[in-house]
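# Geometric and topological summary
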Amino acid sequence: MGVTLAYDTWGDGPHTLLALHGFTGSGASFGHLRPLLGRSVRVVAVDLPGHGRTPLPEKTGRDGFLETVDAIVKLARGLGGHVDLLGYSQGARLALGAAVHAPECFGRLIMESGSPGLHRRQERSERREADAKLVDFIRAKGVDAFVERWEALPLFDGLRRLPEAEQIALRERRKACTAEGLAGALETLGLGAQPDYWPSLHRQRLPTLLLTGDQDVKFTTLARRMAAELPVVWRHAFAGVTHAPHLEAPEEYVREVLSFLQTPWYEAPQFEPAILAREAIHS
């Protein structure tokens, strides 16, 4: 039957936005945006597998990643289809996977600090080995020890500048995860398990917004590379921000998201070559 995604819904705007959180998060990760987004969009905030109320997929590795992608597509269809899709980090990678596998289910795609995957087999193997060591650490030391290690990564320097109350709330959300949930999510949803979506980018026709922090050099560079491949793309890097713009610059983040969602999108009609040739002759 596959995994079934738990989710919460809030907001009453005309756009339905399916929101996918990052590793160690949950659907509640976007709750602080509710006062800013709630009048403009209807947010469906998902708990991804191994997080919140959603169990791990039945399958592991790449198969588990694709099972999760299928679950996202199934949820989108249950919501009526053609919903907009937003993902952060781990969630951005899954959002891209869903857009690639079932573009007819989605309207627009927003990727925050995301990656299309690792292009070389050796890179994926090395990443799986690194994630396996982290999985061993989580199972041996527990969630609290892992969260301390995770929060110390340079990737999250910007989060250490948040007000203390926000840092405490973020830490509590992370510590609410289970060791087995996080370990299983790394094994199943990690970058080493993800298919390589680079070759699919030029066929990805959804209007796409790529968001990063300009202090996050790695993911801003990835966004530039992705923008060169995607047919319909906008890109924005938030000044003075690292890996989590939705937390570090929420008001500016929401302005970018709403501007993208509310901009009319018109796709030119497709003409047959013979018609184009006749027009060229008579012009």
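An account of the accompanying structure is given in this report. (Residues numbered from 1 in each chain as written. Predicted model: local features only at pLDDT ≥ 70, side-chain atom pairs only at ≥ 80, totals over all residues. Heavy atoms only, no water.)

### A few points about the layout of surface pockets
Quantified by volume, the largest pocket comes out at close to 720 Å³. For the largest pocket, the lining is made up of 36 residues, of which Phe23, Ser89, Arg127, Trp150 and Leu155 are closest to its centre. Within the residue set of the lining of the largest pocket, elements represented by two or more residues are helix H3 (90-101), helix H4 (121-141), helix H5 (143-151), helix H6 (164-175), helix H7 (179-189), helix H8 (217-229) and helix H9 (245-248). No other element matches H4, which puts four residues into the lining of the largest pocket. Split by residue class, the lining of the largest pocket holds 17 nonpolar, twelve polar and seven charged. (1 Å grid on protein atoms, 1.4 Å probe; cavity = no way out; pocket = protein on both sides within 12 Å on 5 of 7 lines; lining within 4 Å. Points joined across faces, edges and corners; volume = space filled by probe spheres on them. Helix = DSSP H or I, 4+ residues; strand = E, 2+ residues; numbered from the N terminus. Nonpolar A, V, L, I, M, F, W, Y, C, P; charged D, E, K, R; others polar.)

### Topic: the pattern of salt bridges
Pairing is possible between side chains that carry opposite charge, provided their charged atoms lie close to one another. Per the counting criterion, the structure on display carries nine salt bridges. Two residues, Arg174 and Glu151, come together in a salt bridge whose shortest N-O distance is 3.1 Å. Of this pair, Arg174 sits in helix H6 while Glu151 sits in helix H5; the two residues are 23 residues apart in sequence, bridging distant segments of the chain. Beyond isolated ion pairs, a larger network of salt bridges with shared partners links Asp8, Asp47 and Arg53. (Salt bridge = Lys/Arg side-chain N within 4 Å of Asp/Glu carboxyl O.)

### Looking at the pairing of strand E2 (residues 15-20)
Within E2, five of the six residues are buried, leaving the element largely enclosed by the surrounding structure. Bridge analysis of E2 against strand E4 (residues 83-88) gives four bridges, and the strand direction is parallel. Within E4, the residue paired with Leu17 across the bridge is Asp84. (Buried < 20%, exposed > 50% of the residue type's maximum accessible area, 1.4 Å probe, protein only. Pairing = 2+ DSSP bridges.)

### Overview of the packing of H4 against H7
Where H4 meets H7, the axes come as close as 9 Å, and the angle between the chain directions of the two elements is 175°. Taken together, the axes of H4 and H7 lie roughly antiparallel to each other. Residues Asp131, Leu134, Val135, Ile138 and Arg139 of H4 form the contact with H7, whose participating residues are Ala179, Glu180, Leu182, Ala183, Gly184, Leu186 and Glu187. Among the residues making up the contact of H4 with H7, the classes are represented as seven nonpolar, one polar and four charged. (Axes fitted to C-alpha atoms, helices over the stretch in contact; angles between N-to-C directions. Parallel < 35°, antiparallel > 145°, perpendicular 65-115°, else oblique. Contact = heavy atoms within 4.5 Å.)

### Section: H5
Within H5 the residues assigned to the buried category are Val143, Phe146, Val147, Trp150 and Glu151. Buried residues of H5 fall within an arc of 125° about the axis and therefore sit on the same side. Those residues of H5 hidden inside the fold are in contact with H4, H6 and H7. (Arc of directions from axis to C-beta.)

### Observations regarding the sheet that holds strand E7 (residues 233-238)
Spatially, E1-E3-E2-E4-E5-E6-E7 is the arrangement adopted by the seven strands of the open sheet, whose pairing is mixed. With partners counted over all chains shown, the strands left at the sheet margins are strand E1 (6-10) and E7, one partner each. If you compare each strand with its neighbour and ignore which way they point, the axes differ by 20° on average. Summarising the sheet, E2 and strand E3 (residues 41-47) pair through six bridges and their orientation is parallel. Across the sheet, the residue bridging to Leu17 is Val43, located in E3. Packing of H3 onto the sheet brings it into contact with E2, E4 and strand E5 (106-112), and relative to E4 it is tilted by some 145°. Relative to the sheet, H8 contacts E5, strand E6 (208-213) and E7, its axis offset from that of E6 by approximately 160°.

### Overview of the nonpolar core
Across soluble globular proteins, you tend to see nonpolar side chains buried next to one another. Counting 81 residues, the largest nonpolar core has Leu18, Leu20, Ile72, Leu85 and Phe106 as the members making the most contacts within it. Discounting chain neighbours no more than four positions away, the residues touching Leu20 are Phe30, Val46, Leu48, Ile72, Leu85, Leu86, Gly87, Tyr88, Gly91, Leu94 and Ala95. (Core = buried A, V, L, I, M, F, W, Y, C linked by side-chain atoms within 4.5 Å.)

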